[in-house]
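Observations on the three-dimensional arrangement
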Amino acid sequence: KLNDKSIELGDDTKKGTRVKVYGRIHRLRVQKHATFITLKDGYGQLQCVLPASDLTKTYDALMFAQETSLVLFGEMKKLPAGASAPDNRELQVDYYKVIGTAPSDLDAITNRVSREQDPWDAQMLDNRHLVLRGDNASTVMKLREFVELAFIDTYRELQFRKVSPPAMVQTQVEGGSTLFKYDYYGEESYLTQSSQLYLETCLSSLGSVYCIEKSFRAEKSLTRRHLSEYTHVEAELDFIEFDDLLSHIEEMISKVVDKVLADPVASEYIKTLNPDFKKPTLPFLRMKYEDAIEWLNKQDPPILNEEGNTHVFGDDIAEAAERRMTDIINRPILLTHFPVEIKAFYMKKDPKDLRVTESVDVLMPGVGEIVGGSMRMEDYDELIAAYKKNGIGHEPYYWYTDVRKYGTSPHGGYGLGLERFLAWMANQHTVRTTSLYPRFMGRCKP
Ligand code: 4AD
Ligand code: MG
């Protein structure tokens, strides 16, 4: 592995260790007296120098191009402090062998950082498998792993149990319009939109639970932050009140950020991708939906709704308006108490104001909504009425309804889009670059 720092390095007075390394050419500089290769593998980079000699005159050397894979032999030498080579060391190659050549058209694809960021660039998207080899894309993916592990760590610390609910289901969670339907041995079934309903069924046996699973949404619009398949971090908490849910969400996000920043490797990735990143201060700003509407209307000029009018109670705060709001306020917001009419059937009403729900969205600067959560209706009859009001047949939900029938409890939870969280932390313009192989309307390859 090219990040192995235990190899003894030589200098003018002593010999270094002779090693054999595998990798691919990341950068290539051919000079009169030597050829410099920055070799990379999935772990690190190593400068390799081939003296101008028989070694670089061979047929093989003419085939060197970005991504050519090779095995190289040579002595590891220390470079003077401040040299531009990774880890201030260099492999002085005395023998090599090309394993796989590569056509020389790759620079254009993998290193065009600005185009890599362009969510609408079909060439970049078709070549995602090659784009992933570039510095920027591979760093985002490496950071993604750290972030995912930080979530797992955090939940373990908070004593949540991890479960793995099914992806093939026969119930909707977030509305029929974004369901992916398919034929399940002759029965109509769906790809899950959220594991929430299943998490709720686990509370009684497992206590607070979480999962990190795929969710699927047939989103019929192309935006910076919507995918058809995304990674959903979801948790459910038993015997809580709405305020407990809000403080838990803040605490959880803050712990995850702390863990990522505390890791020397991950914090380097953040520095590269998002040098201005600062951990948000607690507590987050709390704002009720109704106050947000007023805030939007009070701006000069007012931030309008999708129809081009000022907002009235009951309007959705659409993506554009939401982003304007987060950009102006420029700190995380816990937006709470959305109207019953614009929220999902299972959300508990606020006992102090029955027009609204005990619901919350977390909005982050640059991205907007990254978390959606709520308290759940705990009363059996109220839930039955909610199915009816929302035109949902209650039969397929019998197991969900039973959560209320057999020892109900005040409980609530949330879902966080991992790709959106990463877009926030890594300062990515779109979730398309925080997903390994993004899926959205019109794209199901590579
Ligand atoms: O707000 P949503 O739809 O809430 C739920 O699914 C709840 N059932 C979750 C729960 O309470 N367990 O989705 C939650 C989060 C959003 O805030 C967003 O970050 C992400 O999931 N999300 C998407 N991310 C990428 N592409 C999409 N199409 C997304 N839809 C939602
Ligand atoms: Mg939502």
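Residues numbered from 1 in each chain as written. Chains lettered and ligands numbered in written order. Predicted model: local features only at pLDDT ≥ 70, side-chain atom pairs only at ≥ 80, totals over all residues. Heavy atoms only, no water.

Some details on the domain arrangement of the chain
The cut-off we apply is this: By convention here, the domain bounds are inherited from an automatic or database domain assignment.
By domain assignment, the chain separates into domain 1 (18-104) and domain 2 (129-433). For domain 1 versus domain 2, the distance between C-alpha centres works out to 46 Å.

With respect to the sheet that holds strand E17 (residues 368-375)
Strands pair in a sheet through their backbones, by hydrogen bonds, and they do so in one of two ways: parallel or antiparallel. Selection rule: At least two bridges found by DSSP between two strands are what make those strands a pair. Each helix is a run of H or I in the DSSP string that is no shorter than four residues. Each strand is a run of E no shorter than two, and both are numbered from the N terminus. When checking whether two residues touch, look at their non-hydrogen atoms; a contact exists if any pair is within 4.5 Å. Note on geometry: axes are lines fitted to C-alpha atoms, helical ones only across the stretch in contact, with angles between N-to-C directions running from 0 to 180 degrees.
The 8 strands lie next to each other as E6-E10-E11-E18-E17-E16-E13-E12, forming an open sheet whose pairing is mixed. A single partner strand is all that each edge strand has here, and the edge strands are strand E6 (161-162) and strand E12 (285-288). Sitting on the sheet, helix H8 (residues 196-206) is in contact with E6, strand E10 (209-216), strand E11 (229-238) and strand E18 (411-417), with an inclination near 35° to E11.

Digging into the site of ligand 1
Basically, it comes down to this: When we say a residue is near a molecule or strand, we mean one of its heavy atoms is within 4 Å of it. Pairs of N or O atoms are called polar contacts if they sit within 3.5 Å, as long as, within protein, a hydrogen donor faces a hydrogen acceptor (for residues adjacent in sequence, only side-chain-to-side-chain pairs). Only the protein chains shown count as cover for residues, and all accessible areas are computed by the Shrake-Rupley method using a 1.4 Å probe. Classification used: nonpolar for Ala, Val, Leu, Ile, Met, Phe, Trp, Tyr, Cys and Pro, charged for Asp, Glu, Lys and Arg, polar for all others including Gly.
In the vicinity of ligand 1 lie 23 residues, with Glu174, Gln196, Arg217, Glu234 and Glu369 positioned nearest. Between ligand 1 and the protein, one listed contact pairs a nitrogen atom with a side-chain N or O atom of glutamate 174 at 2.8 Å. Alone, ligand 1 offers 620 Å² of accessible surface; in the complex the protein occludes 94% of this. Within the residue set of the shell around ligand 1, elements represented by two or more residues are E11, E17 and E18. Looking at side-chain class alone, the shell around ligand 1 contains 7 nonpolar, 8 polar and 8 charged residues.

Examining the packing of helix H11 (residues 289-298) against helix H12 (residues 319-329)
Stated formally: What sets the label is the angle itself: under 35 degrees gives roughly parallel, over 145 gives roughly antiparallel, 65 to 115 gives roughly perpendicular, and the rest give oblique.
Where H11 contacts H12, the axes come no closer than 11 Å and their chain directions differ by 80°. Between H11 and H12, the angle is such that the two are roughly perpendicular. Facing H11, whose interface residues are Ala292, Trp295 and Leu296, H12 presents Ala321, Met325, Ile328 and Ile329. Taken together, the residues of the contact of H11 with H12 sort by class into 7 nonpolar, no polar and no charged.

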